[in-house]
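Observations on the model geometry
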Amino acid sequence: MRRSTITSVVKWGLVGLVTTQIAVVATLMGVHHWRRKVRPRRARFPRTAPVELPVGDNGNTATVYTYGEDLFQDMIAAIRGARRRVLFESYIIKDDRVGREFKRELIDAAERGVEVYVVYDGFANLVVPRSFFRFPPSVHVVRYPAFRPGVLLLNIRKSGRDHRKILTVDGEVGFVGGYNVGSLYATEWRDTHLRVSGSAVWALENAFSDFWNMNRLPHQPELEGLGESDWDAHFRVHRNVPELLIYPIRAMFLEAIDRAKDRVLFTQAYFMPDREFQRVLVDAAERGVEVDILLPEESNHVVADWISRSQYAVLLRGGVRLWLYQNAMVHAKTATVDGKWSTIGTANVDRLSLTGNYEINVEIFDETVAKHMEEIFANDLTNCRELTREEWQHRPLAAKLGECLLAPWRPFL
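It should be emphasised that the depicted structure is a prediction, and the values quoted were computed from it without experimental measurement.

Further remarks concern the sheet that holds strand β11 (residues 263-268). Ordered by their spatial adjacency, 8 strands build an open sheet running β10-β17-β16-β15-β11-β12-β13-β18, and the pairing between neighbours is mixed. Only two strands of the sheet have a single partner each, and these edge strands are β10 (235-240) and β18 (384-387). When the angles between neighbouring strand axes are averaged without regard to direction, this sheet yields 20 degrees. Inspection of the sheet shows β11 paired to strand β12 (residues 290-296) by 5 bridges, in the parallel sense. What sits directly across from T267, in β12, is L294. Along the sheet, helix α7 (residues 275-286) makes contact with β11 and β12, crossing β12 at roughly 135 degrees. Sitting on the sheet, helix α11 (residues 367-381) touches β11, β12, β13 (321-325), β15 (333-337), β16 (341-345), β17 (359-365) and β18, and the angle it makes with β16 is about 65 degrees.

Have a look at this one:
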């Protein structure tokens, strides 16, 4: 009888907890929607102009973009100039002015004899009409499935989304970073993207071709033999491949932080580090490294914000400085360490990106690029306010309770 009573108490306790969590989520989303409707936010943020930087002695270059219009203009120009091959992959492609321009240029390229391959994520584009993704037969298209049956069997190899954003043209120029394709991202979001030229482009092409060959339909062509794989010690491309249980991006971050001697600068859209990641950041701060993390004060996912905040206390107590970006969504996924090392890519510091999705990050060992990344970070700080430990300790009790209730969901995001 006692065992039955305990089981009943536990069962109803769990039901009560989940019900309360659902109520908190519904309240947060309702308030968030009301605020956006009553007080629409106009994006205002500082911009750092793109500058082409030499990397190494092999003629490779790197250009960092912080404004969507600048990026999309150069991506479109690259597609228009294509002579042989265009590989294009995006998590989200909106059916709007920008998305339609990309679609039109991809079709035009195919019609003049360029090989054009397109990959997009089915789940991320559920709100986009399927008709938008109908291309003529001259454009080869893979829709990464919105649902894979293996998920029902808890097969983690089948659970990841295709969160990557890649464009390569003729094996000569490549783009990768946080920007999805759409009008909103062109002017309203602060994001970061990278353009590379030279032998470093091969690694991006190789990442695309491996994914294409793994997911193409039987009647679609296989990609192979995309140029020479020249080594360049200044660039490494890391890619998570859930199908093979390969997740190198998390290790890349941890190693860079562990080696830091002077400063670690992160810009992240959704920051939910696991305990080991938190420990490495705090250890760096405790040994005298300046650790600064730039986050959106309000992201486009209010629930993710609240779940993320449940670990602010650990970071602030450990000496990590948190900077909250104002008046716009910051969607960048970047880091730079000691003025020597940098990374730009698609991976957030959360479980979904580091041990879940298909992601790709470029790791750059170059002081010129690192200096430029530090300048971008300093410019972004002019649009931030620092979240102090004292302010965080004195936040409202209702906020603390909400964070505690939602904290158990952090390992799932």
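There's plenty left to go through after this.
A word on the packing of helix α6 (residues 248-259) against α7. Where α6 meets α7, the closest approach of the two axes is 9 Å, and the angle between their N-to-C directions is 20 degrees. As far as their axial angle goes, α7 and α6 are roughly parallel. The element α6 and its partner α7 pack so that their crossing is left-handed. Within the contact between the two elements, α6 uses R250, F253, L254, I257 and D258 and α7 uses E276, F277, V280, L281 and A284. Here the residues of the contact of α6 with α7 sort into 7 nonpolar, no polar and 3 charged.

Our focus in this paragraph is the UniProt feature "domain: PLD phosphodiesterase" (unreviewed entry) in the protein. If you check UniProt for "domain: PLD phosphodiesterase" (unreviewed entry), the listed places come out as residues 158-185 and 326-353 in our numbering. Annotated as residues 158-185, this span is 11% helix and 32% strand, and its ends, taken at the C-alpha atoms, are 29 Å apart. Strand forms 43% of residues 326-353 and helix 11%; the C-alpha atoms that close the span are 24 Å apart.

This part covers a nonpolar patch on the surface. Where nonpolar side chains cluster on the molecular surface, the patch consists of M214, L244 and I246 and spans about 250 Å² of accessible area. With respect to the helices and strands, the residue I246 is situated in the loop between β10 and α6.

Rules used throughout
Residues numbered from 1 in each chain as written. Predicted model: local features only at pLDDT ≥ 70, side-chain atom pairs only at ≥ 80, totals over all residues. Heavy atoms only, no water. Pairing = 2+ DSSP bridges. Helix = DSSP H or I, 4+ residues; strand = E, 2+ residues; numbered from the N terminus. Axes fitted to C-alpha atoms, helices over the stretch in contact; angles between N-to-C directions. Contact = heavy atoms within 4.5 Å. Parallel < 35°, antiparallel > 145°, perpendicular 65-115°, else oblique. Left-handed = near helix turned anticlockwise from the far one by under 90°. Nonpolar A, V, L, I, M, F, W, Y, C, P; charged D, E, K, R; others polar. UniProt positions renumbered as here; feature names shortened; annotations may be inferred. Patch = residues over 30% accessible without salt bridge, like charges linked within 9 Å, V, L, I, M, F, W, Y side chains within 5 Å. Areas by Shrake-Rupley, 256 points an atom, 1.4 Å probe, with all protein chains shown as cover. Salt bridge = Lys/Arg side-chain N within 4 Å of Asp/Glu carboxyl O.

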